[in-house]
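So you can see what is in the structure, the chains are spelled out below.
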Amino acid sequence: MKILFVTPECAPYVKTGGLGDVSGALPATLAAQGHEVRVLMPAYSGMQVSGGAGIAVEIPAHGQWPRAQLLQVEAGNGVTLLLLSCPELYDRAGGPYVDATGRDHHDTARRFGFLCRIGAALGTSASPCPRWRADVVHANDWPCGLAPLYLAQARSPAPHEPAAASVMTIHNLAFQGVFPMDTADLVGIPGHWRGIEGVEFWGQLSMLKAGLQFADAITTVSPTYAREIQTDAFGVGLQGVLRTKADRLTGILNGIDTQLWNPATDQLIPHRYSAADLAGKALNKAALQQRCGLSVDPRAMLFGLVSRLTSQKGIDLVLGVLDATLASGGQLVVLGQGEPALQDALLAAAHVHPAAVSLTLGFDEALAHQIEAGADCFLMPSRFEPCGLNQMYSQAYGTPPIVTATGGLADSVVDATTQPGTGTGFVMRSQNTAGLEQAVGRAMTAWRDPPAWRQLQRNGMGRSFAWTESAARYLEVYQRAIDSAQG
Ligand code: ADP
Ligand code: GLC
């Protein structure tokens, strides 16, 4: 199958969160299974990409769209990267979504509209890549939401132009790409698709809704989240649309890159270890305590947290249980960045308890690995979590996670209290401070029983979170989308 994976971010080149990890790993797994996979993303400034460079394809200016180039790079993992180079849109300071001052890029709709435009073109006979037309275009999150619409546009009116099927994946429904309706002119949305059956969302244009309305298949990143987003509590205003599309909505749990996230081979951690020999884990803990300025004490239970610091992630709950956790002899190491109020509260705690609480503000891939390896237990009390990757990394690193019973957390963590034989972490019984405090208490009690704790660690380390099985599920969805687009 010829698969085009369109994404605003891809590890290891550009990553702000889990979508970057998924974009790095899923296409490579599909390629290893024998498919022709290309990943299309913008050529952002400062991107370090190594690999065999192929020919650059010129894309002439067309209508309101600028001239650009498509740079082809063999990424070395079987995937061809297609970097969309257009200096006026992508060559500037900042990240994929925000400028250097942290505000949304002023021309966000055009930046991602153009990405979608080229993604859709790669699925038609007007493909800018000579002799390569995608069978399926896989669009990820709202920045890629217009690609299914443009493909639907290419297919109509009859006689049908052969065009790729489209699959829209929701990685996080909380981000929808909503813009004033006059943006529709800018990105070329026909008048008859600007209403409620099209892109309209409370009078504005929603790029994610465009993707949901026009995709041949919709997926999200865990089975539980697929159910949750059809409810008023989790649907963020799109629950009605999702309910009407329920027959084409599938939840597929993300996998993890087992080469990058493997404590037996991880070059970013000081000491490697495995389920058979956990000795290195204690050494990683001491190294982490030292690096973060905490007291180097093997008897202090060390809790780790690597996250965007936002209300989604339940950071306020962590702050709410901090005093009790420290009073019971715990320590906390945090890596993240996000909402100023949460950053300030964590900084204040680190200031008051320098030997027991550490906060590193910023994005640091190596420290993220070191926290997974060095912490005793990982905190992830998210209010909602489409999938979540850190709870899977934690299990692979023998660092049992404490999680809420939501989304991908519910689908990937087995509670050790209720299922002691197979447990891999602690599932909170209520989504509030009391629920977290109680789960922390259960974890501390279990940790003080070393043989039981080792069993818990080994249960998690023994689980397979490899992408293979989920990639097979995506192939089924791709095929269904192709059948439905042809039907
Ligand atoms: P989300 O995509 O909602 O942020 P996920 O758990 O799916 O949550 O993925 C987050 C990814 O980003 C993980 O790989 C995590 O380690 C990484 N990450 C988050 N914050 C940081 C940070 N400050 N530094 C390094 N890595 C981070
Ligand atoms: C989003 C979600 C997260 C998920 C990731 C990758 O950022 O918040 O739960 O793991 O996408 O799918």
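Note that the coordinates shown come from a computational prediction; the quantities given were computed from them, not determined experimentally. (Residues numbered from 1 in each chain as written. Chains lettered and ligands numbered in written order. Predicted model: local features only at pLDDT ≥ 70, side-chain atom pairs only at ≥ 80, totals over all residues. Heavy atoms only, no water.)

1. Focus on the overall build of the protein
Consideration 1: Each helix and strand in the protein was counted, giving 17 helices and 18 strands.
Consideration 2: Taking 487 residues into account, the globule formula puts the C-alpha radius of gyration at 23 Å, and the protein, at 23 Å, falls close to it.
Consideration 3: In terms of overall dimensions, the protein has C-alpha extents of about 70 × 45 × 45 Å along its principal axes.
Consideration 4: Out of the 487 residues in the protein, the part that is buried amounts to 58%.
Consideration 5: Element-wise, carbon and sulfur atoms account for 55% of the exposed surface of the protein, whose accessible area totals about 19,000 Å². (Helix = DSSP H or I, 4+ residues; strand = E, 2+ residues; numbered from the N terminus. Rg over C-alpha atoms; globule rule 2.2 N^0.38 Å. Buried < 20%, exposed > 50% of the residue type's maximum accessible area, 1.4 Å probe, protein only. Areas by Shrake-Rupley, 256 points an atom, 1.4 Å probe, with all protein chains shown as cover.)

2. So, helix α12 (residues 365-374)
Consideration 1: Taken across its 10 residues, α12 has 8 buried, putting it largely inside the fold.
Consideration 2: Considered for burial, the residues of α12 that qualify are Leu 367, Ala 368, His 369, Gln 370, Ile 371, Glu 372, Ala 373 and Gly 374.
Consideration 3: Of the surrounding secondary structure, the elements contacted by the buried residues of α12 are α9 (279-291), β13 (301-309), β14 (330-338), β15 (357-361), β16 (377-380) and α13 (390-396).
Consideration 4: The N-cap of α12, judged by a side-chain oxygen 3.2 Å from the amide nitrogen of Ala 366 a few residues on, is Asp 364. (Contact = heavy atoms within 4.5 Å. Polar contact = N/O pair within 3.5 Å; in protein donor to acceptor, adjacent residues only side chain to side chain.)

3. What about the sheet that holds strand β12 (residues 249-251)?
Consideration 1: Taken in spatial order, the 9 strands of this open sheet run β3-β4-β5-β2-β1-β6-β7-β11-β12, and their pairing is mixed. Two strands close off the open sheet at either side, each with one partner strand: β3 (52-59) and β12. In this sheet, neighbouring strand axes are inclined to one another by 20 degrees on average, regardless of whether the strands run parallel or antiparallel.
Consideration 2: Pairing between strand β4 (residues 68-74) and strand β5 (residues 80-85): 6 bridges, direction antiparallel. (Pairing = 2+ DSSP bridges. Axes fitted to C-alpha atoms, helices over the stretch in contact; angles between N-to-C directions.)

4. Some thoughts on the site of ligand 1
Consideration 1: Surveying the vicinity of ligand 1 reveals 20 residues, the closest of which are Gly 18, Asp 21, Arg 308, Lys 313 and Gly 362.
Consideration 2: Side-chain polar atom of Lys 313 to an oxygen atom of ligand 1: 2.8 Å apart, as the coordinates give it.
Consideration 3: The backbone of Gly 362 places a nitrogen or oxygen atom 2.7 Å from a nitrogen atom of ligand 1.
Consideration 4: When isolated, ligand 1 has an accessible area of 560 Å², and the protein chains bury 93% of it.
Consideration 5: Of all the secondary-structure elements, those providing two or more residues to the shell around ligand 1 are α1 (18-32), β13, β14 and α13.
Consideration 6: Residue composition of the shell around ligand 1, by class: 7 nonpolar, 7 polar and 6 charged. (Near = heavy atom within 4 Å. Nonpolar A, V, L, I, M, F, W, Y, C, P; charged D, E, K, R; others polar.)

5. Structural notes on the pattern of salt bridges
Consideration 1: Within the structure shown, the criterion is met by 15 salt bridges.
Consideration 2: The residue Arg 67 makes a salt bridge to Glu 58 at a minimum N-O spacing of 3.5 Å.
Consideration 3: With relative accessibility at 43%, the residue Glu 58 sits in the partly exposed group. (Salt bridge = Lys/Arg side-chain N within 4 Å of Asp/Glu carboxyl O.)

6. Quick word on the layout of surface pockets
Consideration 1: Considering only enclosed or pocket space, the second largest pocket measures out at about 740 Å³ in volume.
Consideration 2: Lining the second largest pocket are 35 residues, and of these Gly 24, Ala 25, Asp 257, Gln 259 and Leu 260 sit closest to its centre.
Consideration 3: Where the lining of the second largest pocket is concerned, the elements lending two or more residues are α1 and α12.
Consideration 4: Considering every element that reaches the lining of the second largest pocket, the biggest residue donor is α1, with 7 residues. (1 Å grid on protein atoms, 1.4 Å probe; cavity = no way out; pocket = protein on both sides within 12 Å on 5 of 7 lines; lining within 4 Å. Points joined across faces, edges and corners; volume = space filled by probe spheres on them.)

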